[in-house]
Amino acid sequence: MDFVDSLSSVDGWKNIGLAVGIFLIFLVLRKLFTTYLFKFIIGFVKNKKIDLITSILEAFEKPMRWIFVIIGIQLALPYLPFELLTAERESQIIRSAFIILAGWGLYNLADSTALFFSTFSKNFDVQVDRIVIPFVEKFIRIIVVVLSASIIGEEWGFNVNGFVAGLGLGGLAFALAAKDTVSNLFGGVVIITEKPFTIGDWIKTPSVEGVVEDITFRSTKVRTFAQALVTVPNATLSNEPIVNWAKMGKRQISFHLGLNYNTPKEKLETSVERIKQMLMEDEDIHKETIIVNFETFNESSLDVLLYFFSNTTAYADYLEVKEKINFKIMDILQEEGVDFAFPTRALVVQQPEDIIKQDTNILERSRG
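Residues numbered from 1 in each chain as written. Predicted model: local features only at pLDDT ≥ 70, side-chain atom pairs only at ≥ 80, totals over all residues. Heavy atoms only, no water.

- As annotated in an unreviewed UniProt entry, the protein is Mechanosensitive ion channel family protein from Priestia flexa.
- The UniProt entry for the protein carries the following comment under Sequence similarities (unreviewed entry): "Belongs to the MscS (TC 1.A.23) family."
- The record held by UniProt for the protein lists under Subcellular location (unreviewed entry) the comment "Cell membrane". (UniProt positions renumbered as here; feature names shortened; annotations may be inferred.)

### With respect to the pairing of strand E7 (residues 291–297)
Step number 1: Here six bridges tie E7 to strand E8 (residues 302–310), and the two strands are oriented antiparallel to one another. From the neighbouring strand, Val292 faces E8, where its bridge partner is Leu306.
Step number 2: Between E7 and E8, which pair antiparallel one after the other, the connecting turn spans four residues. (Pairing = 2+ DSSP bridges. Helix = DSSP H or I, 4+ residues; strand = E, 2+ residues; numbered from the N terminus.)

### Quick look at the sheet that holds strand E3 (residues 219–223)
Paired through backbone hydrogen bonds, the strands of a sheet run either parallel or antiparallel to each other.
Step number 1: Reading across from one edge, E4-E3-E2-E1-E5 is the order of the five strands in this open sheet, with antiparallel pairing throughout. A single partner strand is all that each edge strand has here, and the edge strands are strand E4 (229–233) and strand E5 (243–244).
Step number 2: In this sheet, E5 lies alongside strand E1 (residues 202–204) in antiparallel orientation, the contact comprising two bridges. Bridged to Lys204 within E5 is Val243.

### Regarding the packing of helix H11 (residues 265–281) against helix H12 (residues 315–336)
Step number 1: Where H11 meets H12, the axes come as close as 10 Å, and the angle between the chain directions of the two elements is 150°. Classified by the interaxial angle, the pair formed by H11 and H12 is roughly antiparallel. Viewed along their axes, H11 and H12 form a crossing whose handedness is right-handed. Contact residues: H11 offers Lys267, Thr270, Ser271, Arg274, Ile275, Met278 and Leu279, while H12 offers Ile325, Lys328, Ile329, Ile332, Leu333, Glu335 and Glu336.
Step number 2: Residues that form the contact of H11 with H12 fall into these classes: seven nonpolar, two polar and five charged. (Axes fitted to C-alpha atoms, helices over the stretch in contact; angles between N-to-C directions. Parallel < 35°, antiparallel > 145°, perpendicular 65-115°, else oblique. Left-handed = near helix turned anticlockwise from the far one by under 90°. Contact = heavy atoms within 4.5 Å. Nonpolar A, V, L, I, M, F, W, Y, C, P; charged D, E, K, R; others polar.)

### Brief notes about the UniProt feature "transmembrane region" (unreviewed entry) in the protein
Step number 1: Following the UniProt record, the feature "transmembrane region" (unreviewed entry) maps to residues 16–42, 63–81, 93–110, 131–152 and 158–178 here.
Step number 2: Measuring from the first to the last C-alpha atom of residues 16–42 gives 37 Å, for a span that is 100% helix and 0% strand.
Step number 3: Along residues 93–110, the helical share is 94% and the strand share 0%, with 26 Å between the first and last C-alpha atoms.

### Quick notes on H11
Step number 1: A rise of 1.5 Å per residue sets the reference length of H11, with its 17 residues, at 24 Å; its end C-alpha atoms lie 25 Å apart and thus fit the reference within 8%.
Step number 2: The complete set of buried residues in H11 reads Leu268, Ser271, Val272, Ile275, Met278 and Leu279. The arc enclosing the buried residues of H11, seen along the axis, measures out at 130°, which places them on a common side. For H11, the exposed residues lying more than 90 degrees away from the buried face are Glu266 and Glu281.
Step number 3: Where H11 is buried, its residues meet strand E6 (251–259), E7, E8 and H12. (Expected span 1.5 Å × (residues − 1). Buried < 20%, exposed > 50% of the residue type's maximum accessible area, 1.4 Å probe, protein only. Arc of directions from axis to C-beta.)

Okay, here's the thing in structure tokens:
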């Protein structure tokens with residue numbers, strides 16, 4: 001029966017009404033599901049603190065709403081008194097729609113990669129670096145999109161093998177044309193595998209110094225201490241020497257202590273010994289390496305070398321430890337009666353008659 005004949009008959013209108021009614025019933029079921037049943041399930045799972053299942057349900061929430069629409073259309077179409085689509089075409093559209101919904105849910109689920117890694121780490125006691133997670137999320141999304149497009153293309157009769165082969169050739173051409181981009185991509189892979197730093201680390205390179213905020217396929221974003229955001233290509237960063245201050249286990253303190261030349265030897269020995277003992281007893285100083293030695297006879301001072309490390313690596317705490325040690329050294333020197341040295345120069349002033357006498361003596365010695 002064609003469209004005009006169906007509208008001119010009573011049975012045709014009844015069938016159209018029945019098809020519309022079926023579709024409306026599924027719209028109502030969709031509303032009831034999303035408003036009551038799905039919210040109840042989500043609330044129940046959240047109360048049980050099953051985070052993984054909660055993430056899966058939330059990722060597929062919107063696709064599941066459209067399932068009711070697709071099923072409603074599929075059940076309503078046979079009741080139409082005219083042929084809107086052929087059976088084969090209808091089947092292709094329905095299957096393609098379900099593939100799109102499945103891909104949509106998996107695409108949303110990629111946002112929960114961090115939760116999956118967290119659960120995996122807890123269950124198997126394996127540490128996963130945070131910089132891997134953004135790469136995995138983007139990779140999963142690309143795979144989902146490519147697979148969904150390939151399956152839909154195969155459903156509609158396209159040559160997927162040729163498409164995949166074309167992707168390979170196109171990828172080669174693209175790699176040759178975008179050499180810098182590919183270099184940055186491999187630079188990102190090097191950063192992930194070697195892990196010279198991770199998100200949140202304080203790093204210093206010839207290009208930039210600051211805290212790592214984000215690592216993408218192409219570049220790394222670093223927040224400087226002046227609050228500027230610097231984007232460095234991964235190819236540049238992977239080929240530079242990188243100092244990771246966040247990986248320090250201890251922090252060096254090294255300086256020379258200049259003492260007055262009038263200091264007696266006994267007081268100098270006692271001061272050096274007391275300073276060394278003070279550092280060994282201080283809980284904020286690393287005990288592995290503590291060097292305090294009288295090192296050099298300088299131009300205007302007796303130089304004592306101090307070389308040791310603080311347990312803390314945070315800069316503010318490090319400065320507080322250094323200040324505390326300086327005050328303790330001052331107390332020791334005051335108790336021992338030892339003064340700090342300062343640069344001095346001796347100026348000899350001669351009277352004119354002394355100069356004449358000196359010159360005469362020199363002349364007489366030269367004649368003799």
